[in-house]
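Residue-level structure breakdown
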Amino acid sequence: MDAALNAGERMALLHEDPGAGVTSIAPRWNVKGNVLLQSFPLLEAMSVVLLSIVSGKVYDLVSFGHFGEYGRNFGLGVVVAALFSTSAYARGLYLSSEPRSLASQIKEVVLIWTAVFLCLSVVALTLKVGDMFSRQAVMLFFVTGLGGIIFVRLGAGRLFASLTRSDMLAKPQVVIVTQSDVRVPSGVVQAIEASGCDVCQTITLPAASSEGSLLECMEKLIEHVRRRSVDEIVLAVSWADISLIEKITAHLCVVPVPVRLLPDHVVSALLKRPVVNLGGTRAIELQRAPLTTPQLLTKRLFDLVLTTAALPFLLPPLAVVAGLIALESGRPVLFCQRRAGFNGRTFKIYKFRTMTILEDGPVVPQACRGDPRVTRVGRILRRFSIDEIPQLWNVLKGDMSLIGPRPHALAHDSEYSQIISLYPARHKVKPGITGWAQINGCRGATPHVYMMIKRVEHDMWYVNNWSVWLDVKILLLTIPRIWTGRNAF
């Protein structure tokens, strides 16, 4: 039981992010380096426009013996440059403190450049403006423009490599200010350095909170900032000491460098959460509903459409099944049992009767292989999950969904809720006739606790990753999994 408890608790642990709160510091160089990096996209775009004009002029000279007008070639170059630059920026080919390898850049450039020309070709054919441009001129521009971009990037790579060895692209110098009684999150220095900075000094504030000691420390810090040309100051102090933060900010207002406050170990966990608008203020979202209102409506519509479409075809064979049950075991044909549904609300689930008994008390033994309680007809129904089909009525009533975590007897809910910490979280969505756990082999009895832990893990993955296409996938995989499965008896 202890081992099971530990396993369940491990599922609920939040792993500490070593660089929480500092990994958002974007990779960057100093001011001179940023100017060079930010001017590179403009240089590349200008080269594309220039090569478009040159390609058109060369084609006109070779084909007609004179230079034609450059307006159309200029316009084409501007459009291509804009599309290419936007796509390259989205793919992360600009503004990197650690430039990607030339081979990687060339691969991305070729893909983006080809995609831009294919898109423009489709647009030209759709709008019937392809006659405005010569195919040979466009192909010449395609080849020379691609070669020009590769040449510019090759030259830029060598330029940045040489400038990195000088102070032109020296990494920004950062000073960390902390307190002796404050635990700085592990990995702060590594995370800051990974962002493209160099931590040149770490200053610990005096334990005493007197004005004199703080003033002396701040004067030394200001002198260090001016002497070493520090680019940024990072405070790693307790957020609870607002007075200290305000005093430090007031002292450091005389230096022209940014001052940033790192989250302490209490706040860092909160800052990982989304920030949402709440009326006229902003709030940190500690927990969100698994499905938004539009998603709930979509899932409900999905359930109603498929259920109402399937019922006319299922009613005749279901009547035959009901007759077989009545002949072997008599009435009742259906078995009703209380289950916990959405938000832990209790509802009655409907199943075909497959046992000689009807259990719904504080103790409900799970069915096992060769269980004497299971009837002959019930054994077949349970093997192929035919006994679950009456739950379509639960779907129509709104108690269940076609897809979701399988509901268990209340006795089992009570037992596993005390062992597995995340078990009650399965009730964040409506229970389903089938689910992600079932198509992944977690079907049938759970004689060992680790089997239920595995089922809960799959259920929680479904809750956190729901989509209509995931429901469709689960529905399509359910029938072959039922046919080949061997865990239901």
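All of the points below concern the structure found in this document. Because the structure is a prediction, the values reported are computed rather than measured. (Residues numbered from 1 in each chain as written. Predicted model: local features only at pLDDT ≥ 70, side-chain atom pairs only at ≥ 80, totals over all residues. Heavy atoms only, no water.)

Moving on to the overall build of the protein chain. The secondary structure content of the protein chain amounts to 16 helices and 10 strands. Here the protein chain holds 489 residues, and 39% of them are scored as buried. Excluding contacts between residues fewer than 6 apart, the proportion of contacts in the protein chain whose partners are at least 24 apart in sequence is 74%. Here the protein chain has roughly 27400 Å² of accessible surface; of this, 64% comes from carbon and sulfur atoms. (Helix = DSSP H or I, 4+ residues; strand = E, 2+ residues; numbered from the N terminus. Buried < 20%, exposed > 50% of the residue type's maximum accessible area, 1.4 Å probe, protein only. Contact = heavy atoms within 4.5 Å. Areas by Shrake-Rupley, 256 points an atom, 1.4 Å probe, with all protein chains shown as cover.)

Quick look at the pairing of strand E7 (residues 334-340) now. In this structure, E7 lies alongside strand E8 (residues 346-352), joined through 7 bridges in antiparallel fashion. Each residue of the ladder has a partner; that of glutamine 337, found in E8, is isoleucine 349. Following E7, the chain reverses through 5 residues before pairing antiparallel with E8; asparagine 343 in that reversal takes a positive phi of roughly 60 degrees. (Pairing = 2+ DSSP bridges.)

Another point: the pattern of salt bridges. Tallied over the full model, the rule gives 10 salt bridges. We note a salt bridge from glutamate 232 to arginine 260, for which the minimum N-O separation is 2.9 Å. Here glutamate 232, found in strand E3 (residues 232-236), pairs with arginine 260, found in strand E4 (residues 259-261); they are 28 residues apart in sequence, far enough to count as distant. Residue arginine 260 is classed as partly exposed on the basis of its relative accessible area, which comes to 42%. For arginine 376, the salt bridge is made with glutamate 328, and the minimal N-O distance between the two is 3.4 Å. With arginine 376 in helix H11 (residues 376-383) and glutamate 328 in helix H10 (residues 293-329), this residue pair connects regions lying 48 residues apart in the sequence. Three or more residues joined by partner-sharing salt bridges are found here, namely Lys351, Asp387, Glu388 and Arg406. (Salt bridge = Lys/Arg side-chain N within 4 Å of Asp/Glu carboxyl O.)

Let us now look at the packing of aromatic side chains. If you walk through the whole model with that rule in mind, you get 7 aromatic pairs. Each ring, one from tryptophan 113 and one from phenylalanine 141, has its centre 5.8 Å from the other, and the planes form 80 degrees; the classification is edge-to-face. Taken as a pair, tryptophan 113 in helix H4 (residues 102-127) and phenylalanine 141 in helix H5 (residues 135-164) lie far apart in primary sequence, 28 residues in all. Its relative accessible area of 0% is what places tryptophan 113 among the buried residues. Classification of phenylalanine 141 by relative accessible area gives buried; the value is 1%. Feature note: the residues Phe84, Trp113, Phe117, Phe141 and Phe142 constitute an aromatic cluster, connected by ring pairs. Here the guanidinium or amino end of arginine 383 rests over the ring plane of phenylalanine 384, the centre of that ring lying 4.8 Å away. Over the aromatic face of tyrosine 423 sits the side chain of arginine 426, whose NZ or CZ is 5.2 Å from the ring centroid. (Phe/Tyr/Trp six-rings, centres within 6.5 Å; stacked < 30°, edge-to-face > 60°. Lys NZ or Arg CZ within 6 Å of the ring centre and 35° of its normal.)

The interhelical angle for the contact between H10 and H11, taken along N-to-C directions, is 145 degrees, at an axis separation of 9 Å. Across from Val321, Leu324, Ile325 and Glu328 in H10, the residues of H11 making contact are Arg376, Val377, Gly378 and Leu381. Grouping the constituent residues of the contact of H10 with H11 by class yields 5 nonpolar, 1 polar and 2 charged. (Axes fitted to C-alpha atoms, helices over the stretch in contact; angles between N-to-C directions. Nonpolar A, V, L, I, M, F, W, Y, C, P; charged D, E, K, R; others polar.)

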